[in-house]
Amino acid sequence: MERESSTPASSWLGIDEAAPFAGKKATKAAAAEDAFVRRWPKVVNATLVAFIMTMPPLLILLGGGRPGAPAVWIKSTVASLAARGEPKKDVLLGGLLLPGFDEQSCVSRYQSVYYRKNMTRPPSPHLLRRLRQQEALQRRCGPGTEPYRRASERLRSGQNAGDDFVATVDGCGYLVLISYRGLGNRILAITSAFLYAMLTGRVLLLDPGKTMADLFCEPFQATSWMLPGDFPLEHFRDLGEDAPESYGNVAVNRSGSVAGLRFVYAHLDHAATPANRLLYCDDHRQFLHRVQWLILRTDSYIAPGIFLNPAYKEELDMMFPNKDSVFYLLSRYLLHPTNDVWGMVTRFYHSYLKNADERLGIQIRVFDGDEPFQHILDQILACTSQEHLLPGVVVSGGGGGGVAPPPIARSKAVLTTGLNSWYHDSIRDMYWRSPSATGEVVSVHQPSHELHQHFFRSTHDMKALAEMYLLSLTDKIVTSGWSTFGYVGAGLGGLTPYIMIKPENHTVPNPPCVRAMSMEPCDHGPPYFECTKKEIDKIIDTGNLVPHVRSCEDVPWGRKLADPIS
């Protein structure tokens, strides 16, 4: 498990608020909600037109026409699109995003669409409905509200109202996600914890750690998803699976009794015990609904395990008809880089990647040490050759100096990311010394090379996030097996990666890489028992229980979501 980032090799250039499973909605309310969802695309289109027509002059007035201000960008982008006759982009992503956010506070929210391809998986009407419900819940119960103040006071005083606790006290439940391990792990944890919060009707609150506020904009209007600094539960980051409040202890030793408990602690680390993984099989109605506060620790993408729970099948099927779209859609909704991070992304993109005919991302993560290894370079070159991602070179005594590229040569920009620059330098020098066999002009670029992985350092994490987003802007991508950094880079861009299998004994695997079955991340710590039986002592192959949860290509015991094979 890691957070990786790569001092620059090429420097950084300058609705309905009702909780699910809480009972059927009134017919009238349901009809009104359905009508809203059916009307949503029209609302989005009208809002988009109004946004494009009115926002540029307004923002110019507010921003004073400063170079680099969002107002200038919007005006120039719309003008250039019109001049080229290109269609306008749907900045709201089919209703996934809402209008009305302050443009200048988070430029990436509406600008990133101009750097990416069109949505490869559109959001379903039911997902849009559930997002609007969650937004309403976050506003009604989030930090700064009276329900949150009362809930915090009950947590501080140790009150527990017993059965139907959440349903009878403000209707507000909370899921607090502990921030730990690497940035890739944290991003996977955030997106899948958000999914679980939606399914169980809880407000998602993130432990900000030391860097989260420097990385991401707030995803919800008029509220915050950051856990306030005065959160009353002391030492919650020190909780472990042996805690009396851990889900495993409550489910097994206390037979589901929550009497006297202020909260339940869910330990879903990749190495969690089977008893704690019983949470995957909880349908939320067993006893968790009686506890207002759920504290979650996970370093994994827990979504595949959630999909194994029959209690959520109908809801998940409506939210995600395409099972390989979960991380892609939720990350596009939730994760908007701050202006500082987005500036790093766009400056590098315009300097090195924008004008290429094709962009290839190569994400390199080595788990055997920080020093470079020849077999890793050999594996990269074998993979890119096998999959026809990079051209070979002309090797001659004269170095190919007399071979000129064609008058109109196709260009390919290669983005490499990693802790060490040696791999980048070796690939770049290969195409510097010799011409490509196809006549393509290949340029190789790496934003940074940190040499060692650092945890919870703001500048380090900002570079890492910028590199993940840069990877997502490529056309094709090669990633390192086991790497959460690679999972995020591919998933953000809706890219199905070529995964390099983790080498054994410093030997290039055969084959060196495989095409992934989907763009979904791999869960390294899924449950290994059937939810309908909950026999935690009986290990089974959960990759065969349902057609859309399968074994990962790079981590055989891991599980990932994929569309069923027809």
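Let me sum up the structure you'll find in this document. Everything numeric in this text was worked out from a predicted model, so none of it was measured.

## Structural notes on the packing of helix α7 (residues 183-200) against helix α16 (residues 458-472)
- The contact between α7 and α16 brings their axes to 10 Å, and the two run at 65 degrees. Of the residues in α16, those in contact with Leu 183, Gly 184, Arg 186 and Ile 187 of α7 are Asp 461, Ala 464, Leu 465 and Met 468.
- Of the residues contributing to the contact of α7 with α16, the split by class is 5 nonpolar, 1 polar and 2 charged.

## Quick look at the packing of helix α13 (residues 339-353) against α16
- With their axes 9 Å apart at the nearest point, α13 and α16 run at an angle of 50 degrees to one another. Considering the angle they form, α13 stands oblique to α16. The chirality of how α13 crosses α16 is right-handed. Side by side, α13 and α16 meet where Asp 340, Val 341, Trp 342, Met 344, Val 345, Phe 348, Tyr 349 and Leu 353 of the first sit next to Met 462, Lys 463, Leu 465, Ala 466, Tyr 469 and Leu 470 of the second.
- Broken down by class, the residue content of the contact of α13 with α16 amounts to 12 nonpolar, no polar and 2 charged.

## Regarding the sheet that holds strand β7 (residues 441-445)
- Read from one edge to the other, the open sheet built from 6 strands follows the order β7-β6-β5-β8-β9-β10, with strand pairing classed as mixed. The sheet is open, and its two edges are formed by β7 and β10 (513-515), each paired on a single side. The sheet shows a mean angle of 20 degrees between the axes of neighbouring strands, taken without regard to direction.
- Here strand β5 (residues 358-363) pairs with strand β8 (residues 476-480) via 3 bridges, running parallel. Its bridge partner lying in β8, Gly 361 is registered against Ile 477.
- The strands that α16 touches are β5, β6 (411-417) and β8; relative to β6, the one it contacts most, it runs at about 150 degrees.
- Running over the sheet, helix α17 (residues 484-493) touches β5, β6 and β8 and is turned about 165 degrees from β8.

## Section: the pairing of β8
- For β8, a buried count of 4 out of 5 residues is recorded, marking the element as mostly surrounded by other parts of the structure.
- Both β8 and strand β9 (residues 498-500) contribute to a ladder of 3 bridges, which runs parallel. Across the sheet, Val 478 pairs through a bridge with Tyr 498, a residue of β9.
- Taken together, β8, α17 and β9 form a β-α-β motif whose crossover is right-handed.

## What to know about the nonpolar core
- With 103 residues, the main nonpolar core has Ile 187, Phe 194, Leu 195, Leu 204, Trp 225 and Phe 320 as its most contacted residues.
- The element contributing the most residues to this core is α7, with 12 residues.
- Both domains that meet at this core, namely domain 1 (120-324) and domain 2 (339-393 + 407-519), each give it at least three residues.
- Ignoring sequence-local partners within four residues, the contact set of Trp 225 consists of Ile 190, Leu 204, Leu 205, Leu 206, Phe 216, Cys 217, Glu 218, Pro 219, Phe 220, Leu 334 and Leu 335.
- Core analysis: the next-biggest nonpolar cluster, separate from the first, contains 22 residues, Leu 377, Ile 380, Leu 389 and Tyr 423 among them.

## Digging into unusual backbone geometry
- Residue Asn 510 is joined to Pro 511 through a cis peptide bond whose omega torsion reads 5 degrees.
- Along the chain, Pro 511 falls in the loop between β9 and β10.
- Residue Leu 93 is not a glycine yet carries a positive backbone phi of 55 degrees.
- Looking at where Leu 93 falls in the secondary structure, it is placed in the loop between α2 (70-84) and α3 (108-111).
- One non-glycine residue, His 235, adopts positive backbone phi at about 60 degrees.
- Of the residues examined, His 235 reaches a relative accessible area of 60% and is grouped as exposed.

## Quick notes on the sheet that holds strand β3 (residues 263-267)
- In space, the 4 strands of this open sheet follow the order β2-β1-β4-β3, with parallel pairing throughout. What marks the edges here is a single partner per strand, and that holds for β2 (202-206) and β3. Averaged over all pairs of adjacent strands, the angle between strand axes in this sheet comes to 20 degrees, irrespective of strand direction.
- The pairing of β3 with strand β4 (residues 293-297) spans 5 bridges and is classified as parallel. What sits directly across from Phe 263, in β4, is Trp 293.
- Running at roughly 80 degrees to β4, helix α5 (residues 146-157) makes contact with β1 (173-177), β2, β3 and β4 of the sheet.
- Running at roughly 160 degrees to β2, α7 makes contact with β1, β2 and β4 of the sheet.

## Quick word on the pattern of salt bridges
- In this structure the tally under the stated criterion is 24 salt bridges.
- Of the charged contacts, one joins Lys 117 and Asp 475 as a salt bridge, the two residues approaching to 3.3 Å between their closest N and O atoms. Highlighted residues: Lys 117 in the loop between α3 and α4 (125-141) and Asp 475 in the loop between α16 and β8, separated in sequence by 358 residues.
- Note on Asp 475: relative accessible area 24%, which makes it partly exposed.
- Among the salt bridges present, the one from Glu 358 reaches Arg 410, with a minimum N-O distance of 3.1 Å. Here Glu 358, found in strand β5, pairs with Arg 410, found in the loop between α14 (374-386) and β6; they are 52 residues apart in sequence, far enough to count as distant.
- If you follow the salt bridges from partner to partner, you end up with Glu 146, Arg 149, Arg 150, Arg 154 and Asp 170 in one network.

## Here's the deal with the side chain of Asn 185
- By the element assignment, Asn 185 lies in helix α7.
- A polar atom in the side chain of Asn 185 sits 3.0 Å from the backbone oxygen of Asp 299.

## Regarding the packing of aromatic side chains
- Summed over the entire model, instances satisfying the criterion amount to 17 aromatic pairs.
- Here Phe 367 and Trp 482 contribute two aromatic rings whose centre-to-centre distance is 6.3 Å and whose plane-to-plane angle is 55 degrees, an arrangement assigned as tilted. Here Trp 482 lies in the loop between β8 and α17 and Phe 367 lies in the loop between β5 and α14, a separation of 115 residues in the sequence.
- When its relative accessible area of 26% is taken as the criterion, Trp 482 is described as partly exposed.
- Linked through ring pairs, Tyr 148, Tyr 174, Phe 231, Phe 236 and Trp 293 together constitute an aromatic cluster.
- Its guanidinium or amino end placed over the ring of Phe 101, Arg 109 lies 3.7 Å from that ring's centre, counting from NZ or CZ.
- A cation sits over an aromatic face here: Arg 297 above Tyr 180, 5.0 Å from the ring centre.

Cut-offs used in this document
- Residues numbered from 1 in each chain as written.
- Predicted model: local features only at pLDDT ≥ 70, side-chain atom pairs only at ≥ 80, totals over all residues.
- Heavy atoms only, no water.
- Axes fitted to C-alpha atoms, helices over the stretch in contact; angles between N-to-C directions.
- Helix = DSSP H or I, 4+ residues; strand = E, 2+ residues; numbered from the N terminus.
- Contact = heavy atoms within 4.5 Å.
- Nonpolar A, V, L, I, M, F, W, Y, C, P; charged D, E, K, R; others polar.
- Parallel < 35°, antiparallel > 145°, perpendicular 65-115°, else oblique.
- Left-handed = near helix turned anticlockwise from the far one by under 90°.
- Pairing = 2+ DSSP bridges.
- Buried < 20%, exposed > 50% of the residue type's maximum accessible area, 1.4 Å probe, protein only.
- Right-handed = clockwise from strand over helix to strand, strands pointing away.
- Core = buried A, V, L, I, M, F, W, Y, C linked by side-chain atoms within 4.5 Å.
- Domains from an automatic or database assignment.
- Salt bridge = Lys/Arg side-chain N within 4 Å of Asp/Glu carboxyl O.
- Polar contact = N/O pair within 3.5 Å; in protein donor to acceptor, adjacent residues only side chain to side chain.
- Phe/Tyr/Trp six-rings, centres within 6.5 Å; stacked < 30°, edge-to-face > 60°.
- Lys NZ or Arg CZ within 6 Å of the ring centre and 35° of its normal.

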